[in-house]
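Read off the chains here:
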Amino acid sequence: MIGRFPILYIAEADAEDAVLSSGVLAYLVESLPNAVFTVVGSAASAPLFADTPRLERLLVLEREGRFDWIALWNQVRGTHWGLVVDMRGSTLSGKLRRQKRAVRGRDPEGVHAVEAAAAVLKLEPHEAPAPRLYVSDITQAQVEALIPATGGDGPILAVGPGVEWMGRRWPAERYAKVATKLLADDGPLAGGRLMIVGEEIDREAAHTIRYAAPRARVIELQGKLTRLQTVAALSKARLYIGADSIWTHLATAAGAPVVAVFGPSDETRRGPWKGVTVRGPRSFAEFKTLDPRLNQAIQHMMDLPWERVLKAAVRLLKERG
């Protein structure tokens, strides 16, 4: 009988970064059935891994000050680790007793974040595991309880309009137009339901988008779910449309087909893995020339027409059958 193999996985503090590299942990779960896991994350990223199979401990590193690292050291130094995977590139992982250590350095330019994460395990780009977050039966049941029984059982179109910066916000009216066409009686998702995900702050956008479908067929979940619960909800989607945001990467981790609207974002590094990216006439380099730090209060996404996103969505639906 193969013995127990303890793995320490130190996830990124940023939740979006942690989702992008989550395929690495999933790869270890699937390829090492005798492995047991201790996962370290921030208050934002740790909950994403709460349902990981064979998870023994989930540790939260609240901050990254000296005393916080010492406190973490005291929690993990007593184990002789089979493998330490350090996505933060910390000095702590080099001081632990272990058989092997895989540590992430600075990502090379022009390499997608998923491929850069896979390189930590010395996997080739074509072997890079897709982002994946595990969802337990309990988490799935919690989400099921929030989905109305009315509205039928048609395919679900999920929309995630929320972004952290207005420069990446695509107008809610355009999401609504795309959703209306897809869910129309002659559309590819005829009779389907509309699911809206995001934070409570996205309620105004959701209020606009929800008119794309009859009230009984709208599932408004913005502000109601944790991010891991959002993965459970998005796993039900026939198609997801969203912005350059964590919601889009959560959709990818849920296994949903993804169409992402991009403008002042570098899809070569942070586009939805194996998904479709749609942008307007300007390249990322052109946006950088206009807004070098990508932090100005400019609505950069106004030049992306809704018809282009609709066309990409219809094409993806046909490809996925």
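Here the structure is a predicted model, which means the values were calculated and not measured.

Undergrad: Would you take a moment to explain empty space enclosed by the protein for this structure?
TA: Rolled over the atoms, a probe as big as a water molecule pinpoints where empty space is left. Under the defined criterion, the tally for this structure stands at one cavity of 30 Å³ or more. Empty space within the largest cavity amounts to approximately 40 Å³. S22, L25, A26, L48, F49, T52, R132, L133 and Y134 are the residues that line the largest cavity. By residue class, the composition of the lining of the largest cavity is six nonpolar, two polar and one charged.

Undergrad: What am I meant to see in the packing of aromatic side chains here?
TA: Two descriptors summarise a pair of aromatic rings, namely the distance from one centre to the other and the angle between the planes of the rings. On inspection of all chains with the given rule, the structure shows two aromatic pairs. Measuring from ring centre to ring centre gives 4.9 Å for W170 and Y175, while their planes differ by 85 degrees; the resulting arrangement is edge-to-face. A relative accessible area of 1% means that W170 is categorised as buried. What makes Y175 buried here is its relative accessible area of 2%. In this structure, R66 packs its charged tip against the face of F67, placed 5.4 Å from the ring centre.

Undergrad: Just checking my understanding: could you explain the packing of helix α9 (residues 227-234) against helix α10 (residues 246-253) for this structure?
TA: Where α9 contacts α10, the axes come no closer than 8 Å and their chain directions differ by 55 degrees. Between α9 and α10, the angle is such that the two are oblique. The chirality of how α9 crosses α10 is right-handed. Mapping the contact onto sequence places R227, T230, V231 and L234 in α9 and I246, W247, L250, A251 and A253 in α10. For the contact of α9 with α10, the class distribution of residues is seven nonpolar, one polar and one charged.

Undergrad: Can you walk me through the pattern of salt bridges in this structure?
TA: For side chains of opposite charge, pairing can occur when their charged atoms come near one another. Here the structure, examined in full by the defined rule, presents 16 salt bridges. R210 is the salt-bridge partner of E220, the closest N and O atoms lying 3.7 Å from each other. Residue E220 is located in strand β8 (residues 218-220), and its partner R210 is located in the loop between α8 (203-209) and β8; the two are separated by ten residues in the primary sequence. The pair E220 / R210 is uniform in exposure class, with both members buried. Overlapping salt bridges bring together E12, R104 and D107 as one network.

Cut-off values and rules
Residues numbered from 1 in each chain as written. Predicted model: local features only at pLDDT ≥ 70, side-chain atom pairs only at ≥ 80, totals over all residues. Heavy atoms only, no water. 1 Å grid on protein atoms, 1.4 Å probe; cavity = no way out; pocket = protein on both sides within 12 Å on 5 of 7 lines; lining within 4 Å. Points joined across faces, edges and corners; volume = space filled by probe spheres on them. Nonpolar A, V, L, I, M, F, W, Y, C, P; charged D, E, K, R; others polar. Phe/Tyr/Trp six-rings, centres within 6.5 Å; stacked < 30°, edge-to-face > 60°. Buried < 20%, exposed > 50% of the residue type's maximum accessible area, 1.4 Å probe, protein only. Lys NZ or Arg CZ within 6 Å of the ring centre and 35° of its normal. Axes fitted to C-alpha atoms, helices over the stretch in contact; angles between N-to-C directions. Helix = DSSP H or I, 4+ residues; strand = E, 2+ residues; numbered from the N terminus. Parallel < 35°, antiparallel > 145°, perpendicular 65-115°, else oblique. Left-handed = near helix turned anticlockwise from the far one by under 90°. Contact = heavy atoms within 4.5 Å. Salt bridge = Lys/Arg side-chain N within 4 Å of Asp/Glu carboxyl O.

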